[in-house]
Amino acid sequence: MRALVTGASGFVGAALCRALIDRGWDVRAFHRASSSLKMLEGLPVEHVLGDLTQPQTLAPAKDGIEVEFHCAAQLGGSDQGRMYTVTVEGTRHVLAAALKAGVRRLVHTSSVAALGLPDHPIDHAPRSGCARGRRRPGGLLAARRARALWAGAWPPLPPPPPPQAAHDGPRG
């Protein structure tokens, strides 16, 4: 399989690149020219330069791609406008370009880091982070736009496996 990973130079994206390569996938790593490539060192990925805020850079990256993993986002900093442009509008550009290029499957990923640090202790019930993220206007808007954009465009994914009842130590 041939995959494109946006945000490949980040923590989640680089870990995903490594996991895909370990499973025999050919991986194209999409990142900005200014991104540190330290976490991709030694990985046999095809590097493609681009920027989510520049939609014209997305189309060439998707040529021949079967599955796209969208891991890119703008985290941290005080510029909320930039965070919105990269994370929300950038995701819209990624989805539109994937549909236009005929990408067969797109997986949008995120991490708890995208939610930011809570102002007060929170209950770590399984859905507390999800609920907090859905209350954020940008996250809600991105989710609504994504659903509207890909509604019916790709076949649905199978349901996830049930959660593990207990965990007896490190995995792997």
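Residues numbered from 1 in each chain as written. Predicted model: local features only at pLDDT ≥ 70, side-chain atom pairs only at ≥ 80, totals over all residues. Heavy atoms only, no water.

Draft legend 1. Quick look at the overall build of the chain. Scanning the chain from terminus to terminus reveals 5 helices and 5 strands. Taken over 172 residues, the chain has a buried fraction of 32%. Taking all contacts inside the chain whose residues are at least 6 apart in sequence as the whole, residues at least 24 apart take part in 62%. (Helix = DSSP H or I, 4+ residues; strand = E, 2+ residues; numbered from the N terminus. Buried < 20%, exposed > 50% of the residue type's maximum accessible area, 1.4 Å probe, protein only. Contact = heavy atoms within 4.5 Å.)

Draft legend 2. The arrangement of the sheet that holds strand S4 (residues 67–70) in detail. Reading across from one edge, S3-S2-S1-S4-S5 is the order of the 5 strands in this open sheet, with parallel pairing throughout. Each edge of the open sheet carries a strand with a single partner, namely strand S3 (46–49) and strand S5 (105–108). Taking each pair of neighbouring strands and ignoring which way they run, the sheet shows an average axis angle of 20 degrees. The pairing of strand S1 (residues 2–6) with S4 spans 4 bridges and is classified as parallel. Counterpart to Ala-3 in the pairing with S4 is Val-67. Docked against the sheet, helix H1 (residues 11–22) engages S1, strand S2 (26–31) and S4, running at close to 170 degrees with respect to S1. (Pairing = 2+ DSSP bridges. Axes fitted to C-alpha atoms, helices over the stretch in contact; angles between N-to-C directions.)

Draft legend 3. Layout of the pattern of salt bridges. Considering all chains together, one arrives at 5 salt bridges under this definition. Between Arg-92 and Glu-89 there is a salt bridge whose closest N-O contact spans 2.7 Å. Of this pair, Arg-92 and Glu-89 both sit in helix H3 (residues 80–101), separated by 3 residues, roughly a single helical turn. We classify Arg-92 as partly exposed; its relative accessible area is 31%. One continuous salt-bridge network, built from bridges that share partners, spans Arg-2, Arg-28 and Glu-46. (Salt bridge = Lys/Arg side-chain N within 4 Å of Asp/Glu carboxyl O.)

Draft legend 4. Structural detail: the side chain of Arg-28. Following the sequence through the fold, Arg-28 ends up in strand S2. Exposure remark for Arg-28: the relative accessible area of 6% places this residue in the buried category. Those residues in contact with Arg-28, other than ones at most four positions away along the chain, are Arg-2, Ala-3, Leu-4, Val-5, Glu-46, Val-48, Pro-60, Ala-61, Lys-62, Asp-63 and Ile-65.

Draft legend 5. Representation of the environment of Ala-96 in the model. With respect to the element layout, Ala-96 can be found in helix H3. For Ala-96 and Leu-58, which are 38 residues apart along the polypeptide, the C-alpha to C-alpha distance reads 9.7 Å.

Draft legend 6. Representation of the pairing of S4. Judged by which residues are buried, S4 turns out to be covered on both faces: Val-67 and Phe-69 on one side and Glu-68 and His-70 on the other are all buried. Examined bridge by bridge, S4 and S5 share 4 bridges and lie parallel to one another. Directly across from His-70, in S5, lies its bridge partner His-108. Read as a crossover between parallel neighbours, the route from S4 over H3 to S5 is right-handed. (Right-handed = clockwise from strand over helix to strand, strands pointing away.)

Draft legend 7. Main features of the nonpolar core. Counting residues in each nonpolar core, the largest one holds 16 residues, and the members touching the most others are Val-5, Cys-17, Leu-20, Val-27, Leu-40, Val-45 and Phe-69. Mapped onto this core, the elements with two or more residues apiece are S1, H1, S2 and S4. A total of 5 residues in this core trace back to one element, the largest contributor, which is H1. Aside from chain neighbours lying at most four places away, what touches Cys-17 is Val-5, Ala-8, Val-27, Leu-40, Leu-43 and Val-45. Core analysis: the second largest hydrophobic core is formed by 15 residues, Leu-52, Val-86, Val-94 and Leu-106 among them. (Core = buried A, V, L, I, M, F, W, Y, C linked by side-chain atoms within 4.5 Å.)

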